[in-house]
Amino acid sequence: GKHLQVYNDPAASPTGFPFKVLQIDVGNTLAVPEIYDTRPRVCNLGYLRVPYLEEDGKLAYKCPSEPVEDYVAKGGDFEATIGRKCLCNALC
């Protein structure tokens, strides 16, 4: 039979809010970790970005769900990117 599980994933949201995730073992959906991992990381909507100051004092934004190298280049910690999912694009 088909297996369905709903759980709170504290790492899924870039904000750290424990987001409900549906895990289903049917088809080619983003619920399958191996399929999600092949999806390019993109932050083109930016609804959950957080502000930070660049070295020159300019206000800028970063998100732990954006491409890892971009987030780290903006001063973010690599560890904060692990398990993060782009909820902005996933919910549109």
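Reading the values: rules and limits
- Residues numbered from 1 in each chain as written.
- Predicted model: local features only at pLDDT ≥ 70, side-chain atom pairs only at ≥ 80, totals over all residues.
- Heavy atoms only, no water.
- Helix = DSSP H or I, 4+ residues; strand = E, 2+ residues; numbered from the N terminus.
- Buried < 20%, exposed > 50% of the residue type's maximum accessible area, 1.4 Å probe, protein only.
- Areas by Shrake-Rupley, 256 points an atom, 1.4 Å probe, with all protein chains shown as cover.
- Salt bridge = Lys/Arg side-chain N within 4 Å of Asp/Glu carboxyl O.
- Phe/Tyr/Trp six-rings, centres within 6.5 Å; stacked < 30°, edge-to-face > 60°.
- Lys NZ or Arg CZ within 6 Å of the ring centre and 35° of its normal.
- 1 Å grid on protein atoms, 1.4 Å probe; cavity = no way out; pocket = protein on both sides within 12 Å on 5 of 7 lines; lining within 4 Å.
- Points joined across faces, edges and corners; volume = space filled by probe spheres on them.
- Nonpolar A, V, L, I, M, F, W, Y, C, P; charged D, E, K, R; others polar.
- Contact = heavy atoms within 4.5 Å.

Across its full length, the protein chain holds three helices and four strands. Secondary structure elements in the protein chain, listed N-terminal to C-terminal, are β-β-α-β-β-α-α. Seen along its three principal axes, the alpha-carbon backbone of the protein chain occupies a region of about 55 × 25 × 25 Å. Counting over 92 residues, the protein chain shows a buried share of 27%. Accessible surface computed for the protein chain: about 6300 Å², of which carbon and sulfur atoms make up 57%.

Following the criterion strictly, the structure yields two salt bridges and no others. A salt bridge links Asp 9 to Lys 85, with the shortest nitrogen-to-oxygen separation between them at 3.9 Å. In this pair, Asp 9 sits in strand S1 (residues 4-9) while Lys 85 sits in the loop between helix H2 (68-73) and helix H3 (87-90), placing the two residues 76 residues apart along the sequence. For Asp 9, a relative accessible area of 11% puts it in the buried group.

What follows concerns the packing of aromatic side chains. Scanning the model with the defined rule gives zero aromatic pairs in all. Against the face of Tyr 52 rests Lys 62, its NZ or CZ located 5.2 Å from the ring centre.

In total, this model carries one cavity of 30 Å³ or more according to the counting rule given. Taken as a whole, the largest cavity spans an internal volume of roughly 40 Å³. Around the largest cavity, the lining residues are Pro 14, Cys 43, Gly 46, Tyr 47, Leu 48, Arg 49, Cys 63, Ser 65, Cys 86, Leu 87 and Cys 88. Class assignment for the residues of the lining of the largest cavity results in eight nonpolar, two polar and one charged.

Moving on, we get to the layout of surface pockets. Here the largest pocket is characterised by a volume of approximately 460 Å³. Every element with two or more residues in the lining of the largest pocket is listed here: strand S2 (19-24), helix H1 (33-36) and H3. The biggest single contributor to the lining of the largest pocket is S2, with five residues. Class assignment for the residues of the lining of the largest pocket results in 14 nonpolar, three polar and six charged.

The residue Phe 17 is located in the loop between S1 and S2 in this model. Each residue touching Phe 17, except ones within four places of it in the same chain, is listed here: Asp 9 and Pro 10.

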